[in-house]
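# Structural overview
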Amino acid sequence: MEVETLAMENKILYVRLPCNPIFPIGVVYLADHVHKVFPNVEQRILDLGTVPPLDYKSALDACIDEFKPTLLIYSWRDIHIFAPVGGRGGNPLQYSFEIFYAKNPFVKLHGALGGFQMLKGFYTELWRNSALIKRGLKRALKYNKDVRVVIGGGAVSVYYEQLSSSLPKGSIVSVGEGEALLEKLLIGRDFRDERCYVVGETQPRERLIHEQPSPVEKNACNYNYIESIWSEFNYYLQEEDFYIGVQTKRGCPHNCCYCVYTVVEGKQVRINPADEVVAEMQQLYNRGIRKFWFTDAQFIPARKFMDDAVELLEKIVDSGMTDINWAAYIRADNLTPKLCDLMVKTGMNYFEIGITSGSQELVRKMRMGYNLRTVLENCRDLKAAGFNDLVSVNYSFNVIDERPETIRQTIAYHRELERIFGVDKVEPAIFFIGLQPHTHLEEYAFKEGILNQGYNPMLLAPWNARKLLWNPEPLGSFFGQVCLQAMRENPNDFGREVMKILEEKLGCADLEEALSAPIETKSKQLAGVS
């Protein structure tokens with residue numbers, strides 16, 4: 001009773017900092033968890049992603065003036081360094097390649113001007129979000145002198161070390177999941193053993209992000225409650241093309257060299273009970289939602305979780321939600337004919353495969369754990385089950401040990417996917433993997449002298465940006481020219497145009513060559529990088 005009373009003294013305001021209008025599932029789940037543990041604690045959600053830019057400050061002020069919170073929790077989702085596609089500020093890949101690789105001085109100038117605008121936008125967002133955090137704290141202190149601030153979210157989890165200098169002293173910086181941290185904070189227990197640190201008081205522990213998160217049992221989100229504390233909730237229910245996020249599991253067991261998911265969410269996969277996932281979907285279904293995005297790092301992260309996926313899809317069938325669609329990231333090497341049938345039956349209408357390369361040799365070197373032959377076999381099963389919708393296949397050229405022969409192998413692999421699903425149904429998404437903090441790729445870059453320890457991953461000076469984009473020579477200039485040509489000749493179908501140009505320049509390998517990988521090579525690998 002004393003603990004509950006202590007928690008009740010708090011009034012929690014969740015502020016989702018401005019970003020693209022993507023359903024804020026992290027904030028929603030956190031507020032739902034607190035309500036279930038401490039049902040009498042007052043909470044409110046302010047989603048600045050639904051507010052016009054000119055109204056950010058006034059909306060924040062008005063909400064704080066009305067609610068008078070004792071605890072401010074900020075969710076910072078995005079820090080865009082490089083992205084492979086156009087966004088709010090333009091196309092960073094295009095501008096970068098125009099600056100680095102264009103031969104025409106006017107094209108270089110176009111890239112420089114566009115890049116300057118993007119740099120301006122990038123730093124403006126950093127300053128704006130930092131200012132909103134400080135503004136909210138200052139405003140809340142007018143009503144409660146002991147206000148505390150917690151800052152978390154995807155951006156903070158990746159750049160937690162670099163952001164501390166721009167945050168108010170005493171702010172609690174949360175890395176990854178925040179449920180256990182918030183429970184301890186609300187009842188006055190020491191929380192510093194969680195993945196967090198306090199700005200100006202403690203330094204983040206060495207390899208903080210690599211610590212495993214506290215296990216939290218997840219059940220169906222109570223959307224009646226969420227609707228009562230979030231006035232902007234219906235914003236996401238108005239448009240039929242919105243996919244609403246539902247999480248079926250947390251964690252990813254893999255070691256893909258460039259991916260930060262496996263450290264942010266932890267390697268231990270924690271399955272949410274299928275009955276609870278379906279119950280959550282039904283609440284949204286009853287509010288008119290017909291499109292769901294399973295927000296897991298991977299919907300089927302490994303073969304031992306295939307039965308869990310089968311159970312969930314069977315329960316969706318039994319639920320009577322027959323007119324829904326869903327989408328997810330899927331490791332297609334973990335499919336079976338039964339799973340394929342259930343995916344089609346339950347309305348999967350889009351999925352993404354992040355194979356990165358169509359060369360088994362390179363897939364192995366990137367520690368991805370894929371068997372590309374199995375992926376093809378399972379894609380054939382999916383097609384046989386009646387799947388006729390879009391497949392997005394992510395390719396990242398110029399990865400470690402890329403060579404003309406591995407490019408030809410990737411082209412052969414992609415053409416086989418087109419034969420399976422149809423040319424118009426397979427969309428190649430061309431990424432340059434980008435170098436993110438806390439990944440194996442970053443450690444490899446240290447080892448090879450590409451980056452120096454202590455570099456700032458948020459510094460977008462040209463000499464730094466070129467390394468972070470990860471398009472090294474000797475193939476860097478070649479890919480730069482190919483991408484510029486594709487952007488110039490067919491910008492609306494960039495991925496397919498890149499594949500076409502590469503095939504014209506280099507040819508296409510035999511498929512069997514792509515599916516085979518030598519046991520030993522003389523080239524550099526990630527061996528020795530922990």
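See the structure above.
Because the structure is a prediction, the values reported are computed rather than measured. (Residues numbered from 1 in each chain as written. Predicted model: local features only at pLDDT ≥ 70, side-chain atom pairs only at ≥ 80, totals over all residues. Heavy atoms only, no water.)

### Side note on the packing of aromatic side chains
Tallying each qualifying case throughout the model produces 24 aromatic pairs. Ring geometry for Trp293 and Tyr329: centres 5.4 Å apart, planes at 85°, overall edge-to-face. Here the residue Trp293 occupies a position in strand β10 (residues 291-294), and Tyr329 occupies one in strand β11 (residues 325-329), the gap between them amounting to 36 residues. With a relative accessible area of 18%, Trp293 lands in the buried category. (Phe/Tyr/Trp six-rings, centres within 6.5 Å; stacked < 30°, edge-to-face > 60°. Helix = DSSP H or I, 4+ residues; strand = E, 2+ residues; numbered from the N terminus. Buried < 20%, exposed > 50% of the residue type's maximum accessible area, 1.4 Å probe, protein only.)

### A few points about the packing of helix α12 (residues 306-319) against helix α13 (residues 337-345)
For any two helices packed against each other, one specifies the inter-axial angle together with the distance between the axes. It is the contact of α12 with α13, at a shortest axis distance of 10 Å, that shows an interaxial angle of 35°. In the crossing of α12 with α13, the sense of the turn from one axis to the other is left-handed. When α12 is examined against α13, the residues Met306, Ala309, Val310, Leu313, Glu314 and Val317 are found in contact with a partner set consisting of Lys338, Leu339, Leu342, Met343 and Lys345. Its residues assigned to classes, the contact of α12 with α13 shows 8 nonpolar, no polar and 3 charged. (Axes fitted to C-alpha atoms, helices over the stretch in contact; angles between N-to-C directions. Left-handed = near helix turned anticlockwise from the far one by under 90°. Contact = heavy atoms within 4.5 Å. Nonpolar A, V, L, I, M, F, W, Y, C, P; charged D, E, K, R; others polar.)

### Re the sheet that holds strand β6 (residues 196-198)
An order of β2-β1-β3-β4-β5-β6 is seen for the 6 strands of this open sheet, with the pairing classed as mixed. At either margin of the open sheet sits one strand with a lone partner, and together these are β2 (42-47) and β6. Ignoring which end each strand starts from, the neighbouring axes of this sheet average 20° apart. Examined bridge by bridge, strand β1 (residues 11-16) and strand β3 (residues 71-75) share 5 bridges and lie parallel to one another. (Pairing = 2+ DSSP bridges.)

### Some points on the sheet that holds strand β7 (residues 244-246)
If you trace the 6 strands from one edge of the open sheet to the other, you get β7-β10-β11-β12-β13-β14, paired in parallel fashion. Pairing within the sheet leaves two strands with one partner each, and these edge strands are β7 and β14 (426-431). Strand-to-strand twist in this sheet, taken as the mean axis angle between neighbours without regard to direction, amounts to 20°. The sheet contact formed by β10 and β11 spans 4 bridges and is parallel. Across the sheet, Phe292 pairs through a bridge with Trp326, a residue of β11. Across the sheet, helix α16 (residues 404-421) lies against β12 (348-356), β13 (390-396) and β14, angled at about 175° from β13, the strand it touches most.

### Focus on the nonpolar core
Among soluble globular proteins, nonpolar side chains are generally buried collectively. Counting 126 residues, the largest nonpolar core has Tyr14, Phe299, Trp326, Met343 and Phe421 as the members making the most contacts within it. The greatest single-element share of this core, amounting to 7 residues, is contributed by helix α2 (residues 25-37). In this structure, Met343 is in contact with Phe299, Ile300, Leu313, Trp326, Ile330, Leu335, Met348 and Leu382, ignoring residues within four places of it in sequence. By size, the runner-up hydrophobic cluster in this structure holds 43 residues, among which are Trp76, Leu126, Val147 and Tyr160. (Core = buried A, V, L, I, M, F, W, Y, C linked by side-chain atoms within 4.5 Å.)

### Examining the pairing of β10
Direction of pairing for β7 relative to β10: parallel, over a ladder of 3 bridges. The residue of β10 that forms the bridge with Val246 is Phe294. With respect to chirality, the unit in which β10 leads through α12 into the neighbouring parallel β11 is right-handed. (Right-handed = clockwise from strand over helix to strand, strands pointing away.)

### A closer look at the packing of α16 against helix α20 (residues 494-506)
Relative orientation of the contacting elements α16 and α20 amounts to 130°, with a least axis distance of 10 Å. In terms of axis orientation, α16 runs oblique to α20. The element α16 and its partner α20 pack so that their crossing is left-handed. Contacts from Pro404, Ile407, Arg408, Thr410, Ile411, His414 and Arg415 in α16 reach Met499, Lys500, Leu502, Glu503 and Leu506 in α20. (Parallel < 35°, antiparallel > 145°, perpendicular 65-115°, else oblique.)

The quantities given are spatial measurements derived from coordinates; they are silent on function.
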